[in-house]
Amino acid sequence: FASLFYSEGGIPTIGDFFKRLIEGINSLIIEGLRLGLTNLSASDWVVSFVCDGVLNGVFSVISFLPQILILFAFFTLLEDSGYMARVAFILDRFFRKLGVSGRAFIPMIMGFGCSVPAMINTRTLNSDKEKIKAIRTIPFFACSAKSEILIAIASVFASSFAFDAGIFTFLIYLLGMSVAIISIIMMNKTSLKAKTPPFIMELPSDQRPQLYS
């Protein structure tokens with residue numbers, strides 16, 4: 001819990017805070033169980049299998065759960081307020097030029113949070129070809145899992161070529177979005193060529209988000 005509230009990079013975000021909190025709790029559970037199994041004279045392979053294999057693998061997946069829950073919570077607020085439908089309607093003209101409707105904006109923007117729920121959200125799209133286009137391009141958006149790898153690459157690149165790591169990371173984000181747009185255009189011109197279906201959506205009224213439905 002040393003860097004739970006503050007680290008060299010500054011104050012963590014809400015998602016990063018809960019991720020570090022869960023990782024700290026998981027470490028306490030794993031090390032406590034490791035100590036208990038050792039006191040019971042368990043074999044080294046049993047201790048390694050339970051602690052390093054099973055629990056460490058499960059907890060590594062659970063550590064991403066807070067960020068996904070926070071992402072869906074904010075998306076729920078935007079949808080309940082009626083703002084998300086208006087954004088999709090406004091961006092429909094731009095996305096239609098690429099070969100998809102404005103509905104594809106929601107799963108694509110979710111790709112910055114986590115690619116898996118973003119791909120699941122493509123079920124709201126109208127046609128199968130449109131779903132395939134969105135699913136194939138979502139991995140190009142840098143989600144939270146990819147961000148840690150990108151930061152590590154940026155730090156190595158910055159130390160080797162005297163280039164700012166923050167700018168390099170930002171350029172990687174832009175590169176991912178550019179490749180996603182180019183990929184959609186190429187698929188729309190070749191293997192997944194199809195007429196974009198009309199975008200028909202009932203715009204909900206602007207309202208204050210409700211805690212209970």
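Everything in this summary refers to the structure shown in the same document.

Moving on: the packing of aromatic side chains. Across all of its chains, the model carries four aromatic pairs by this definition. Summarising the aromatic geometry, the rings of phenylalanine 95 and phenylalanine 105 are spaced 6.4 Å apart at their centres and angled 80° between planes, so their arrangement reads as edge-to-face. You can see phenylalanine 95 sitting in helix 5 (residues 92-98) and its partner phenylalanine 105 sitting in helix 6 (residues 105-110), a full ten residues away along the chain. Residue classification places phenylalanine 105 among the buried residues on the basis of a relative accessible area of 16%. Taking the centre distance of 5.1 Å and the plane angle of 65° together, the rings of phenylalanine 112 and phenylalanine 141 count as edge-to-face. Taken together, the residues span a long stretch of sequence, with phenylalanine 112 in the loop between helix 6 and helix 7 (115-120) and phenylalanine 141 in the loop between helix 8 (128-137) and helix 9 (144-161) at a distance of 29 residues. What links up through ring pairs into an aromatic cluster is the set Phe94, Phe95 and Phe105.

All right, on to the environment of isoleucine 11 then. Structurally, isoleucine 11 can be placed in the segment before helix 1 (14-39). Beyond its immediate sequence surroundings of up to four residues, isoleucine 11 is in contact with Phe5 and Tyr6.

On to the pattern of salt bridges, then. In total, this model carries three salt bridges according to the counting rule given. The partner of arginine 34 in a salt bridge is aspartate 52, and the shortest N-O contact between them spans 2.7 Å. Taken as a pair, arginine 34 in helix 1 and aspartate 52 in helix 2 (residues 44-62) lie far apart in primary sequence, 18 residues in all. Relative accessible area serves as the criterion here: at 22%, arginine 34 is assigned to the partly exposed category. Linked through salt bridges whose partners overlap, the residues forming this network are Glu31, Arg34 and Asp52.

This next bit is on the packing of helix 9 against helix 10 (residues 165-189). Where helix 9 contacts helix 10, the two axes come as close as 9 Å, and the packing angle between them is 130°. Regarding the angle of helix 9 to helix 10, the classification is oblique. Crossing of helix 9 over helix 10 shows right-handed handedness. Contact with helix 9, carried on its side by Ser147, Leu150, Ile153, Ala154, Phe157 and Ala158, involves Ala165, Phe168, Thr169, Ile172 and Tyr173 of helix 10 and no other residues of that element. A per-class count over the contact of helix 9 with helix 10 returns nine nonpolar, two polar and no charged.

What follows concerns the nonpolar core. In this structure, Phe95, Ala104, Phe105 and Met108 are the most contacted members of the largest nonpolar core, which totals 19 residues. Within the residue set of this core, elements represented by two or more residues are helix 3 (65-80), helix 4 (83-90), helix 5, helix 6 and helix 10. Here this core gets four residues from one element, more than from any other, and that element is helix 6. Once residues lying within four places of it in the same chain are set aside, the contact partners of alanine 104 are Phe95 and Leu125.

The rules behind the values
- Residues numbered from 1 in each chain as written.
- Predicted model: local features only at pLDDT ≥ 70, side-chain atom pairs only at ≥ 80, totals over all residues.
- Heavy atoms only, no water.
- Phe/Tyr/Trp six-rings, centres within 6.5 Å; stacked < 30°, edge-to-face > 60°.
- Helix = DSSP H or I, 4+ residues; strand = E, 2+ residues; numbered from the N terminus.
- Buried < 20%, exposed > 50% of the residue type's maximum accessible area, 1.4 Å probe, protein only.
- Contact = heavy atoms within 4.5 Å.
- Salt bridge = Lys/Arg side-chain N within 4 Å of Asp/Glu carboxyl O.
- Axes fitted to C-alpha atoms, helices over the stretch in contact; angles between N-to-C directions.
- Parallel < 35°, antiparallel > 145°, perpendicular 65-115°, else oblique.
- Left-handed = near helix turned anticlockwise from the far one by under 90°.
- Nonpolar A, V, L, I, M, F, W, Y, C, P; charged D, E, K, R; others polar.
- Core = buried A, V, L, I, M, F, W, Y, C linked by side-chain atoms within 4.5 Å.

Just distances and angles here, no functional claims.
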